[in-house]
Amino acid sequence: MSPEPRIVVVGDVITDVLAVLSGPLATGSDTAAGIRFSGGGQAANTAAWLAGQGAAVTLVAAVGDDETGRERVAELERVGVTCAVERHEGYPTGSVIVLTHDGERTMVSQRGANLRLTTGHVDRAVAAAADAGHLHLSAYTLLDVGSRGAGLRALAAARERGLTTSVDAASAAPLRRVGTAFLTWVRDVDLLLVNTDEATVLAGGLDPAAQARALTSVARRVVVKRGAAGAVWVDRTGLVETAPAPGVAVVDVTGAGDAFAAGLLTAWLAGADPRTALARAGDLGALAVTTVGARPQP
């Protein structure tokens, strides 16, 4: 068992239908691709990467009462994730079609049972994780109106129990739809993770360090993920740290941000300084992009 406190991850469980395209998508026609089905979901992916590093981790989520949901839970349990998952009859386990080519990805999502995550389940799951020291929330939970109450309750329950908190901003398009309300929902979290598109939605077209600095009015620490350009850390003390991304051959970027988050959290929660935490995050993100799929390879 990890000597560090348990990390509770709240968010989505998804089946990824991953298509690695042989070339640009030929709209209205055919494009050859390698296609595979695998476990996905930002929260589930992060939990799997955390478990892969030896962290004690509990995933709080919702799936359908279907064979797909049972498969998703079973594969997470096999890699060491404790699953506090509620099942909802009549709702499918979420699924996403992921089209990836030339270092970019496009996702078509059916949120399914993820929209049914309840405040009561979150409360019970957080209370049951008596050894927890940190709660990490996938913002997809906040960005969907059906699960927003559960996401807000997760952050509140964490604060009530003295846990540190982090939020991954999830995706630029739904952030645009909810607007500045998002910043009120995540106010005073200990760590906010955003990629460059999400940072632009939330802080405008500034340079990454300036975006992060602007967002420290909301979160105590902000990390802007810049893909191949590395990452930037800024906190309320005025500290700015940057780290390059390791140079690797990119195969599939699916799950890279989730791996990055897991590396950052395990290092930071173990007491690493920001530069070391960013380096660990970058290494794990680089590992993720060298293989197909969103989870650690067995």
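Residues numbered from 1 in each chain as written. Predicted model: local features only at pLDDT ≥ 70, side-chain atom pairs only at ≥ 80, totals over all residues. Heavy atoms only, no water.

## Focus: the packing of helix H3 (residues 119–128) against helix H5 (residues 148–160)
Step number 1: Where H3 meets H5, the axes come as close as 8 Å, and the angle between the chain directions of the two elements is 25 degrees. For the element pair H3 / H5, the angle class is roughly parallel. The two elements H3 and H5 cross, and the hand of that crossing is right-handed. Facing H3, whose interface residues are Thr119, Val122, Asp123 and Val126, H5 presents Gly149, Ala150, Arg153, Ala154 and Ala157. (Axes fitted to C-alpha atoms, helices over the stretch in contact; angles between N-to-C directions. Helix = DSSP H or I, 4+ residues; strand = E, 2+ residues; numbered from the N terminus. Parallel < 35°, antiparallel > 145°, perpendicular 65-115°, else oblique. Left-handed = near helix turned anticlockwise from the far one by under 90°. Contact = heavy atoms within 4.5 Å.)

## So, the pattern of salt bridges
Oppositely charged side chains may form a pair once their charged atoms are brought near each other.
Step number 1: Inspection of every chain in the model, using the stated rule, returns 14 salt bridges.
Step number 2: Here aspartate 131 and arginine 6 are joined by a salt bridge, their closest N and O atoms 3.0 Å apart. In this pair, aspartate 131 is assigned in the loop between H3 and strand E8 (132–138) and arginine 6 in strand E1 (residues 6–10), connecting sequence segments 125 residues apart.
Step number 3: Given a relative accessible area of 37%, aspartate 131 falls into the partly exposed group.
Step number 4: The closest approach of N and O atoms between glutamate 75 and arginine 72, which form a salt bridge, is 2.6 Å. With glutamate 75 and arginine 72 both in helix H2 (residues 67–78) and three residues apart, this pair spans about one turn of that helix. The pair glutamate 75 / arginine 72 is uniform in exposure class, with both members buried.
Step number 5: In the salt-bridge network here, residues are joined through shared partners; they are Asp12, Arg111 and Asp144. (Salt bridge = Lys/Arg side-chain N within 4 Å of Asp/Glu carboxyl O. Buried < 20%, exposed > 50% of the residue type's maximum accessible area, 1.4 Å probe, protein only.)

## A short note on the UniProt feature "domain: Carbohydrate kinase PfkB" (unreviewed entry) in the chain
Step number 1: Per the UniProt record, "domain: Carbohydrate kinase PfkB" (unreviewed entry) is found at residues 6–295.
Step number 2: End C-alpha to end C-alpha, residues 6–295 measures 20 Å, and it is 37% helix and 28% strand. (UniProt positions renumbered as here; feature names shortened; annotations may be inferred.)

## Structural notes on the packing of helix H10 (residues 256–269) against helix H11 (residues 274–289)
Step number 1: Packing of H10 against H11 brings their axes to within 7 Å, and their N-to-C directions diverge by 150 degrees. Between H10 and H11, the interaxial angle falls into the category roughly antiparallel. Along this stretch, H10 crosses H11, giving a crossing that reads as right-handed. Residues Ala256, Ala259, Phe260, Ala262, Gly263, Leu264, Ala267 and Trp268 of H10 lie in contact with H11, whose contacting residues are Ala277, Leu278, Arg280, Ala281, Gly282, Leu284, Gly285, Ala288 and Val289.

## A closer look at the sheet that holds strand E6 (residues 94–101)
Step number 1: Spatially, E3-E2-E6-E7 is the arrangement adopted by the four strands of the open sheet, whose pairing is mixed. Here the strands that pair on one side only, and so sit at the sheet edges, are strand E3 (33–40) and strand E7 (104–110). Strand-to-strand twist in this sheet, taken as the mean axis angle between neighbours without regard to direction, amounts to 20 degrees.
Step number 2: Alignment of strand E2 (residues 14–21) against E6, held across seven bridges, turns out to be parallel. Paired with valine 20 across the strands is threonine 100, a residue of E6. (Pairing = 2+ DSSP bridges.)

## Digging into the pairing of strand E10 (residues 191–195)
Step number 1: Of all five residues that make up E10, four are buried, and the element is covered over most of its length.
Step number 2: Both strand E9 (residues 164–168) and E10 contribute to a ladder of three bridges, which runs parallel. Counterpart to aspartate 168 in the pairing with E10 is leucine 193.
Step number 3: Examined bridge by bridge, E10 and strand E11 (residues 221–225) share four bridges and lie parallel to one another. Counterpart to leucine 193 in the pairing with E11 is valine 223.

## Quick word on helix H1 (residues 42–52)
Step number 1: The buried count for H1 comes to ten of eleven residues, which makes it a mostly enclosed element.
Step number 2: The first or second residue beyond H1 is glycine 54, which carries a positive phi of 90 degrees.

## What about unusual backbone geometry?
Step number 1: Positive phi outside glycine occurs at alanine 170, with the angle close to 85 degrees.
Step number 2: Mapping alanine 170 onto the fold places it in the loop between E9 and helix H6 (172–178).
Step number 3: On the basis of relative accessible area, alanine 170 is assigned to the buried category, the value being 9%.
Step number 4: A positive phi angle, close to 70 degrees, is found at aspartate 188, a residue other than glycine.
Step number 5: Within the secondary structure, aspartate 188 sits in the loop between helix H7 (181–185) and E10.

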